[in-house]
Structure formats: C-alpha cells, structure tokens
Number of protein chains: 2
Amino acid sequence: MSEVYGNRRRRLRDRCAAAGSAAVLVSRPANVRYLAGVAPPGAVLLLGPREDTLLCPRTPNGDPVDGHLDEELRLTVLPAGEGDPAEAAAGSALAAGAESLAVEEHHLTVARHRALGAAAPGLAVTDLGPAVEQQRVVKDEEEIACLRIAAEITDQALGELLESILVGRTERHLALELERRLVDHGADGPAFATSVATGPHAGLAAHRPSDRRVEEGDFLSVSLGAAYRGYRCEIGRTFVIGTSPADWQIELYELVFAAQRAGREALLPGTACRDVDRAARQILDAAGHGEELPPRTGHGVGLEIGEDPQLAPAAMGKLDACVPVTVEPGVHLPGRGGVRIDDTLVVRQEADGGPELLTITTKELLAL
Amino acid sequence: MSEVYGNRRRRLRDRCAAAGSAAVLVSRPANVRYLAGVAPPGAVLLLGPREDTLLCPRTPNGDPVDGHLDEELRLTVLPAGEGDPAEAAAGSALAAGAESLAVEEHHLTVARHRALGAAAPGLAVTDLGPAVEQQRVVKDEEEIACLRIAAEITDQALGELLESILVGRTERHLALELERRLVDHGADGPAFATSVATGPHAGLAAHRPSDRRVEEGDFLSVSLGAAYRGYRCEIGRTFVIGTSPADWQIELYELVFAAQRAGREALLPGTACRDVDRAARQILDAAGHGEELPPRTGHGVGLEIGEDPQLAPAAMGKLDACVPVTVEPGVHLPGRGGVRIDDTLVVRQEADGGPELLTITTKELLAL
C-alpha cells in the first residue's frame, strides 16, 4: 500500500514539473492525506528538491502520525510554538536548494502566505492551483475499494433504521441514531452531517434535522454516508410513513425516480458533466418543477464530499472512467414536502458493465 | 436582543476607525456570527460607508438566514454561481464610495484575496487583523448566559452517563452516547469532538475514542461540551472504574486536582495569563511531571473552543473580568494512563465573588 503514496507524489511532480529546483508545498488537508496517507492536524507536505517531507506540529499526545508513513517520506515534528509548519517547509525547501515553491493559494491564507515568504527570502513562491484536486478526480482501485466499504456500511445503517419504529420520533434523534449505526458498522464517522427531513421538510437538500416528529402520511427523506479510511460516500432515500402513499406522493416519487435513473444511465466515460445534469434535470423541468431544482444534481466524492466533478448546467469537462459521483435529483414543494433520491456510483466503461452502483438500498417507494 | 449586534458593529467601527471612506469586510464565520447574529455558510459581512450588509450565497433550501437579522442590517442573497460573496462585497463597497477595505488576511485565502481585489479595482485592500477576535474576548452578559446554559446541558449529559453501566463499553460508544445526550438536553450539538479515554489512554488531551472497552481498574477520562446558540463550553473529568482506586491513582488524581485548583484560584482580573498557567504547571512540575505536560493548561471559550486568551508559559496579556476560560491541567503516564480535570469558568472581580464556575459536576475522585 505504501508505494501508492510515493507514486501519487511522483505523478504530481511530473504533472507540475516539480523537480530539481522547483519544490511544491501541499497544505490542504485532503490533499496532504491523498499524497502522504495521513494528515495530522496542521500538517503540510513538502515535495522538495531531494526528498519529500511531512511537517507536523507536535501534539500534546506525542506522535502526531497515527498510521504508517511510506519509506520514501521523511517526518519532521515541530516543537510546540515553533510556528507554522508551512514556514518551516519554505525554509527547508530553500535550504535544500529550491529556487521556487508552488503553494496552494486556494487554501493558504494571505497571512500564512506572507509569513511563508518572509521565512524563505529569495524563494520564488508560485501558485500550484488545484493540481492535487485534479489528480484526485480519477480514483485508483484502492480508493474505490474504500468507497465500496463506506457504501456497504451506509446501506447497513439505513437498512436497520427502516426496521425500527419511526412514527413519533424526531428528525434529530433519527439522524443521531443513523450516525451511531454508521460507527457501529465500522465507519470512521459520518461523511457529512446526516439529514433527516419529515413532512414539509422532506426533499430539501441538506435539511438540518429539527425537533419535528415523524407523522402518519409524511414523506421522510434521509441523506447520510459513512467515511471509511477517509473516503466518503452518500446515499439519499425518500419513504412514506403509513400504510399507503397518497396519489400526489406516488406521482412525485415516480417523477424523481425517473430523473435519477436518467442521470445514472447517462454516467459513461466521455459524457459531458452538464449532459448528465441535463438528463436528470429536463425530466423534472418538463413536469413543471424547473424552479424548485437545486443548482446541481450530483458531484464527485472521495476524500471529500462534493469534490469535482460537479454535475450542473454550467459544469465544464467530461466524465472519465473510475470517477465516483453522486446522482441526487430532488423536488421540494413548499409546505408539502418532496422527494430526493441519491446514489453513489462509479463511472465505468460500457464494456465493464457501465456505471457501478455502490449504494444498493432499494429505490422502490417503501411505505413504513 | 437585536440591537446587541448593531452595538458590536459600532464598537468594531470605532475600534478600527471604519467610517466614511473606510469599509470593513468580515469573513471568518465566528466573527460574522458575533457581529450579525447569524452566519449562513459562505456568508460575509460588509461594514460599508453607508450601511452594513450580510452577503450570502443562495442555498438550495431557499432562505439562507435561519434566525432574525437586526433592522440595521441589510441582507443580500447572491444567486447560485454568482461567485464569492467577498467579491460582491468589495464591489458594493467601492460602489458605495469606499476608498479602502480592511479584510481578515488571517482568514481569506490568497486566491480569494486576489479575486476580491480584481473585483474592485482602485479599492485599497488593507488588513483588519484579529480586531474582531480581540473584541470577542470579553463577553457581555447575553453571551455568558448562553455559556451558562451550555454548561448546564453538559453537566446533565455527563451526570446521566455516570449513572449507567460503563464496564465493557467502548470509548467510541460512550462518546456517541454523550453527544446524543447533549442534543437531548437542547444543545445545538457538541462544542468539539467528545473524547473518552480509558486505561492507558486516560489523561491524554483530545484522545480520539477507539474501540477499547472500559475495564475494571481503569482510569476513565472524558472531555465534552455543549454548543448552545453557538457558544461552546468544555468540561473534563477523570474517574476510576471499580470499587477502590489504586494508591498511584489516588496520588496522581490529588496532584492534578491541586494543580487545577491552583489554576482556578489564580483567575482574577489583572492576572497575567502566563501566571495562571504557571500556578497550575509548577505543581505538576515540582512532582516531576514537567515533561508530560501539554503546551497550555487552559484557553478562552465562546463562539469557538480554544479562542483567546491562551493560558500557556509564553502567553502575553492579562485577564479581564467577564472572560470565560478553561482550566484543564492533566498528566499522562505512557502505558499507564493519567488524569485530566477541566472546568469552564468566567473571570470575575473578587468583589463579585471571584471566578464563576460554570461546569459544576463534582471533582471528587469517583469510583464507578
């Protein structure tokens, strides 16, 4: 496993020609974790002229690195109060003969950037841009394996909830119980704040659980995901509470289901991201729900929720194979509630069977 | 309540002479919340020449503001994809006749700062520095009332845990149960990641709960806090599991207790922060535990955990009245475990009864 990280760092060096006198400083935590395998709080990764170094502040608990570092990676632990590891990294890049240092200007604050420059006078500080984020878009099989396990954990937690009594319980409690079950089944923790939305809240994206209780006849929509070894997946389902759904509930559910299926079926290498969004969006649009639609109908997942690619009307670029994304259209009718259906899938070649569905909980309309 | 925020903004204007042609842009979420009463994701606050404006991106759920804005504050909701509210704020500051804009260079990234400058050519962009953080150090009685409620919730959650069976349960489950109880009692959520540390982990600051189960004879240390209306408190306690503690456990507990009491008793207006730290630290030092000590023995709390002041050997400045701080010395013996005792208190004049203890759970050594 450990050579995986060395290989990723080599690919980054090649990509941004970070060799010889050009060093690279990675500070964004998810990027540090991608390239080093660990990301202790405050750690930064220096790809220097001669060697790669992970610089971390000392923690009160001693060793800041939980997990193993690959052999090619040097670890420097800074004493408490020795200032920002980014400054120390700039200093050692200069000392190692670097003439330039590319930093993540979309992550470093202006204050840190200035201090870093002052710590290494004569070093040309340039912008790395989102080079690491771009490298993270296409996943290797180790990463997809982690996402597959995250999805299994998520399906288990959701499946157990569906077997329990729901009427009378609050959104807040159901969300907490789902998060507990995620951890019970081996998640590092929730991939994002679990959302449980009942009645008029149902179908809202990222609804913050309230003290509203589940009632007969409600739509109930849930959105949750496990983080496993840092990899985050997402599932969203909508159910009806009671014996039989109302006609408007069935119609709305079938509409959103059709839109979500159209989005899933559009997931093929070479397809423009905006076309995947359009496939789902136009079905809801044609039914007169154009107004209530969220700005995007899906997004990439990995070490972060909501990473690239974005599935939205103005999104640029095409899908590649081995890119995990969500497809999550939804419609919310103010005052009445709504439906969201959300899966995590991996884009695959048609020859390989097409999109790989990771979150396998049924999408039938269940009456609970 | 609403005039509270207008008054805070006026004090900030006075403090940094933000008037006439000098505008201020606040982007750090806790600072936005302090000055506006709300902080929707991505929102920024502009103190402009003529009026104050909260700028937020539109959310999929419609109204981004949950909570009421004071009458003096204008709300601008940017359509999705209209770019960074900070850029929009710079543009409207310029349009409103501002010649300069002070920004939080310790929060804005280099990329945002550049985009903001480009969005308002001719506007002089300066550094606000930690002006809002400094203003936040001394709390008003509304803020202290929120902290008092947060502490009550925290004491309730901890008290309930102590009545339950602990042996055989994992650190992870106990931490999740504590967080559920915090929410049950009305917390917004946990103020920080709840820490439960058993046996050899006990006494570690910020230990991440593992799957280790509580055993007879263990030290068990817990660290938790509720967030209430954004205000975060902290409590830490250490217990022994079983009928009677071992001698070394009693000795170590009494030592840390004495250090924590010395720290608490040093909390008076005008006392240097480093002297509070020394009061606690020297007792542990004298007992030969100088090496195992964390870099600080306490810190301010409020809208953030770990805000200023810092109680540490190199800390500058003196305490003021109405500053809430933690006092949390601890000793960890590698392989054996240790003790941490942590309270949240408010610095008060001696005439007002001295330090006000918010977290009132007993500090006797309980055998559970």
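- The name that an unreviewed UniProt entry assigns to chain A is Aminopeptidase P family protein, with the source organism given as Streptomyces sanyensis.

**A closer look at the overall build of chain A**
1) Next: A count of helices and strands for chain A gives nine helices and 19 strands.
2) Next: Its C-alpha atoms give chain A a radius of gyration of 23 Å, within 12% of the compact-globule value 21 Å for 368 residues.
3) Next: For chain A, the C-alpha atoms occupy an extent of roughly 70 × 45 × 35 Å along the three principal directions.
4) Next: Here chain A holds 368 residues, and 55% of them are scored as buried.

**A word on the packing of helix α8 (residues 247–265) of chain B against helix α9 (residues 273–289) of chain B**
Helix-helix packing is described using two parameters, namely the angle between the two axes and the distance between the axes.
Residues and elements named next belong to chain B.
1) Next: Across the interface, α8 lies against α9 with an axial gap of 7 Å and an inter-helix angle of 155°. One way to sum up the angle between α8 and α9 is to call them roughly antiparallel. For α8 against α9, the interelement crossing comes out right-handed. On the side of α8, the interface is formed by Leu252, Leu255, Val256, Ala258, Ala259, Ala262 and Gly263, while α9 contributes Val276, Ala279, Ala280, Ile283, Leu284, Ala287 and His289.
2) Next: Residues that form the contact of α8 with α9 fall into these classes: 12 nonpolar, two polar and no charged.

**As for the packing of aromatic side chains**
Any two aromatic rings considered together are summarised by their centre-to-centre distance and by the angle between their planes.
1) Next: Applying the stated criterion to the full structure yields two aromatic pairs over all chains.
2) Next: Summarising the aromatic geometry, the rings of phenylalanine 219 of chain B and tryptophan 248 of chain B are spaced 5.5 Å apart at their centres and angled 85° between planes, so their arrangement reads as edge-to-face. One end of the pair, phenylalanine 219 of chain B, is in strand β9 (residues 219–224); the other, tryptophan 248 of chain B, is in helix α8, with 29 residues separating them in the sequence.
3) Next: Owing to a relative accessible area of 1%, phenylalanine 219 of chain B belongs among the buried residues under this scheme.
4) Next: On the accessibility criterion, tryptophan 248 of chain B (27% relative accessible area) is partly exposed.
5) Next: It is arginine 336 of chain A that lies over the ring of tryptophan 248 of chain A; its NZ or CZ is 4.2 Å from the centre.

**Here's the deal with the packing of helix α7 (residues 171–184) of chain A against helix α7 (residues 171–184) of chain B**
1) Next: Between α7 of chain A and α7 of chain B, whose axes approach to 11 Å, the crossing angle comes to 175°. Our classification of the angle between α7 of chain A and α7 of chain B gives roughly antiparallel. Counted together, Arg172, His173, Leu176, Arg180, Val183 and Asp184 of chain A of α7 of chain A and Arg172, His173, Leu176, Arg180, Val183 and Asp184 of chain B of α7 of chain B form the full contact between these two elements.
2) Next: Looking at the contact of α7 of chain A with α7 of chain B, its residues break down into four nonpolar, two polar and six charged.

**Section: α8 of chain B**
1) Next: Taking 1.5 Å as the rise per residue, α8 of chain B with 19 residues should run 27 Å; its terminal C-alpha atoms sit 27 Å apart, in good agreement.
2) Next: Turning to α8 of chain B, its buried residues are Gln249, Leu252, Tyr253, Leu255, Val256, Ala259, Gln260, Ala262, Gly263 and Arg264 of chain B.

**Section: unusual backbone geometry**
1) Next: With omega at 0°, the peptide bond leading from aspartate 308 of chain A into proline 309 of chain A counts as cis.
2) Next: Tracing the sequence through the fold places proline 309 of chain A in strand β14 (residues 305–311).
3) Next: At arginine 229 of chain A, a residue that is not glycine, the phi angle is positive and equals roughly 50°.
4) Next: Note on placement: arginine 229 of chain A falls in the loop between β10 (226–228) and β11 (231–232).
5) Next: Overall, the relative accessible area of 54% leaves arginine 229 of chain A in the exposed class.
6) Next: Even without a glycine there, the phi angle at cysteine 322 of chain B is positive, about 65°.
7) Next: Within the secondary structure, cysteine 322 of chain B sits in the loop between β14 (305–311) and β15 (324–327).

**As for the domain arrangement of chain A**
Where interface size is given, it is often the accessible area lost as the parts come together that is meant.
All names here are of chain A.
1) Next: If you check the domain split of chain A, you get domain 1 (2–135) and domain 2 (141–357).
2) Next: With centres defined by C-alpha atoms, the gap from domain 1 to domain 2 works out at 35 Å.
3) Next: Listed as interface residues are six residues of domain 1 and, on the opposing side, seven residues of domain 2.
4) Next: Summing the contributions of domain 1 and of domain 2, the shared interface buries around 530 Å²; its carbon and sulfur component is 52%.
5) Next: Between the two partners, domain 1 and domain 2, sit two salt bridges.
6) Next: Salt-bridge contacts for glutamate 143 lead to arginine 8; the nearest nitrogen and oxygen are separated by 3.9 Å.
7) Next: Connecting domain 1 to domain 2 are two residue pairs in polar contact (both at pLDDT 80 or more).
8) Next: Looking at the side of domain 1 that touches domain 2, the elements with two or more residues in it are α1 (2–15) and α2 (29–36).
9) Next: The element best represented in the side of domain 1 that touches domain 2 is α2, accounting for three residues.
10) Next: Looking at the side of domain 1 that touches domain 2, its residues break down into three nonpolar, no polar and three charged.

**Details of the sheet that holds strand β2 (residues 44–47) of chain A**
Residues and elements named next belong to chain A.
1) Next: Spatially, six strands are ordered β4-β3-β2-β1-β5-β6 in an open sheet, and the strand pairing comes out mixed. Only two strands of the sheet have a single partner each, and these edge strands are β4 (73–78) and β6 (124–127). Between one strand axis and the next, the sheet turns by 25° as a mean value, whatever way the strands run.
2) Next: Helix α3 (residues 85–95) rests against β1 (22–26), β2, β3 (52–57), β4 and β5 (100–103) of the sheet, and its axis sits at about 10° to β2.

Conventions we followed
Residues numbered from 1 in each chain as written. Chains lettered and ligands numbered in written order. Predicted model: local features only at pLDDT ≥ 70, side-chain atom pairs only at ≥ 80, totals over all residues. Heavy atoms only, no water. Helix = DSSP H or I, 4+ residues; strand = E, 2+ residues; numbered from the N terminus. Rg over C-alpha atoms; globule rule 2.2 N^0.38 Å. Buried < 20%, exposed > 50% of the residue type's maximum accessible area, 1.4 Å probe, protein only. Axes fitted to C-alpha atoms, helices over the stretch in contact; angles between N-to-C directions. Parallel < 35°, antiparallel > 145°, perpendicular 65-115°, else oblique. Left-handed = near helix turned anticlockwise from the far one by under 90°. Contact = heavy atoms within 4.5 Å. Nonpolar A, V, L, I, M, F, W, Y, C, P; charged D, E, K, R; others polar. Phe/Tyr/Trp six-rings, centres within 6.5 Å; stacked < 30°, edge-to-face > 60°. Lys NZ or Arg CZ within 6 Å of the ring centre and 35° of its normal. Expected span 1.5 Å × (residues − 1). Domains from an automatic or database assignment. Buried area = accessible area lost by both parts, 1.4 Å probe. Salt bridge = Lys/Arg side-chain N within 4 Å of Asp/Glu carboxyl O. Polar contact = N/O pair within 3.5 Å; in protein donor to acceptor, adjacent residues only side chain to side chain. Pairing = 2+ DSSP bridges.

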